[in-house]
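Reading the structure
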Amino acid sequence: MMVENKNTKERIFEIAVELFSQKGFHGTSIRDIAKQVGIKESSLYNHFSSKSAILDSILQYHQKSFEEALPSREEMEATAANFTDPVKLWLQGTMDFVKRLPPLSEQISYILHNEMFLNIQCRDFVLNSMFHSQK
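All of the points below concern the structure found in this document.

Rules used in this analysis
Each chain carries its own residue numbering, running from 1 in the direction its sequence is written. Where totals are concerned, whole chains, interfaces and linings use all residues; where local detail is concerned, this predicted model gives features only for residues with pLDDT of at least 70, and gives and counts side-chain atom pairs only at 80 or more. Values reported for side chains reflect all heavy atoms of the structure, with hydrogen atoms and water molecules removed beforehand. Secondary structure follows DSSP: runs of H or I at least 4 residues long count as helices, runs of E at least 2 residues long count as strands, and numbering of each begins at the N terminus. Multiplying 1.5 Å by the helix residue count minus one yields the expected span of that helix. For every residue, the accessible area obtained with a 1.4 Å probe (protein chains only) is divided by the maximum for its type, and the residue is called buried under 20%, exposed over 50%, and partly exposed between those limits. By the criterion applied in these results, polar contacts are pairs of N or O atoms within 3.5 Å in which, for protein atoms, one can donate a hydrogen and the other can accept it, and in which residues neighboring in sequence qualify only through two side-chain atoms. Arc definition: it is the arc formed by the directions from the helix axis to the C-beta atoms. A side-chain nitrogen of Lys or Arg and a carboxyl oxygen of Asp or Glu constitute a salt bridge if their distance falls within 4 Å.

**Considerations on helix H4 (residues 51-69)**
Because an α-helix packs 3.6 residues into every turn, residues spaced three or four apart end up facing the same way. In this model, H4 (19 residues) spans 27 Å end to end at C-alpha, consistent with the 27 Å of a helix rising 1.5 Å per residue. Listed as buried for H4 are Lys51, Ala53, Ile54, Leu55, Ser57, Ile58, Leu59, His62, Ser65 and Ala69. The backbone nitrogen of Ser52 lies 3.4 Å from a side-chain oxygen of the residue at the head of H4, namely Ser50.

Here you go:
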């Protein structure tokens, strides 16, 4: 992971994504994150108030990235005009969407899928953002 030219908060964020995706939220400590970033544990608290606050920022980033990756109605209509097979249309739309996601999205999705049954923050995020009832 490239973190050399990032500020400390960005480095904490990226290292936390990496560690949470590898070791899980509960398997990663603030000490682990600080050590990987190369800062004192107490210095990490200048940027995030807790490990849960880091996870909150990761989930907010993921939600924003997901929303920004969604194509506009015009883009969807233009893509649909090129296909008569609904399966091929769905596959193309899915591939186009995935290409628009930032690099950390894959690791964050991994965190969500692994943690949604273990961590209330992840469970609530999945339930509220992905299965939110339409009014």
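**Concerning helix H7 (residues 104-115)**
When the terminal C-alpha atoms of H7 are compared, their 16 Å separation across 12 residues agrees well with the 16 Å that a helix rising 1.5 Å per residue should span. Of the residues making up H7, those classed as buried are Leu104, Ser105, Ile108, Ile111, Leu112 and Glu115. Viewed along the axis of H7, the buried residues span an arc of 120°, placing them on a single side of the element. Facing away from the buried surface of H7 by more than 90 degrees, the exposed residues are Glu106 and His113.

**Section: the pattern of salt bridges**
One pass over the structure, following the stated rule, counts six salt bridges. Here Arg100 ties to Glu75 by a salt bridge, and the two come within 2.7 Å at their closest N and O atoms. Placement of the pair is Arg100 in helix H6 (residues 86-100) and Glu75 in helix H5 (residues 73-80), with a sequence separation of 25 residues. Residue Arg100 is classed as partly exposed on the basis of its relative accessible area of 37%.

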